[in-house]
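Residue strings, one per chain:
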Amino acid sequence: MPQVNVTIAGKAYRMACGEGEEAHLEELARLYDEKIGEMRQAFGEIGDMRLHVMAALMVADEVSELRQRLARLENDLAATQGDAGAADQRLSEVEDRAAEALVSAAERIEGVARSLLPAPVG
């Protein structure tokens, strides 16, 4: 199992991860370290544990907001797909009625054309 060295709040940590996930883990650590830096700038030195807890809560809040946004987008997509399906159904019905009207018009035209032909002599 691969291991990655990351630095968070000035401290190095050796972390295990799945094969091919090294860069992702490093990026997650970088993002978390940035969040701790933001907290440190906003609140000063309030203790490492408290700083980590606050940063973790901020990240959890962002995740929660993103999940809610994703759920809304998924609902919007489902509604749009439902609308598209209904529109497809209506279009199919209109096409069917148009085809029926064309067949009926063609039959009437054929009838008129037959009536205009001279009667067979016989």
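Conventions we followed
Residues numbered from 1 in each chain as written. Predicted model: local features only at pLDDT ≥ 70, side-chain atom pairs only at ≥ 80, totals over all residues. Heavy atoms only, no water. Helix = DSSP H or I, 4+ residues; strand = E, 2+ residues; numbered from the N terminus. Expected span 1.5 Å × (residues − 1). Contact = heavy atoms within 4.5 Å. Pairing = 2+ DSSP bridges. Buried < 20%, exposed > 50% of the residue type's maximum accessible area, 1.4 Å probe, protein only. Patch = residues over 30% accessible without salt bridge, like charges linked within 9 Å, V, L, I, M, F, W, Y side chains within 5 Å. Areas by Shrake-Rupley, 256 points an atom, 1.4 Å probe, with all protein chains shown as cover. Salt bridge = Lys/Arg side-chain N within 4 Å of Asp/Glu carboxyl O.

Q: Quick question: what am I supposed to make of helix α2 (residues 48–116) here?
A: Helical geometry: 3.6 residues make up each α-helical turn, so side chains three or four residues apart lie on a common side. The end-to-end C-alpha distance of α2 is 100 Å, a good match for the 102 Å that 69 residues give at a rise of 1.5 Å each. Considering only its buried residues, α2 is in contact with β1 (3–8) and α1 (22–43).

Q: Which parts of the structure should I look at to understand the pairing of strand β2 (residues 11–16)?
A: The side chains of a regular strand alternate between both faces of the sheet. Here six bridges tie β1 to β2, and the two strands are oriented antiparallel to one another. Note on β2: the bridge partner recorded for T7 is A12. Turn length for the β1-β2 hairpin, with the two strands adjacent in sequence and antiparallel, is two residues, and the turn residue A9 shows positive phi of about 55°.

Q: In this structure, what is going on with the environment of L73? I would like to understand it.
A: Mapping L73 onto the fold places it in helix α2. What makes L73 partly exposed here is its relative accessible area of 47%. The spacing of L73 and A56 is 17 residues in sequence and 25 Å in space, taken between C-alpha atoms.

Q: Is there a simple way to explain a nonpolar patch on the surface in this structure?
A: Judged by side-chain polarity, M49, V53 and L57 come together as a nonpolar surface patch covering roughly 330 Å² of accessible area. Looking at the secondary structure, you find L57 in helix α2.

Q: What's the story with the side chain of K35 in this structure? I'm lost.
A: Structurally, the position occupied by K35 is in helix α1. The buried category is assigned to K35, whose relative accessible area is 9%.

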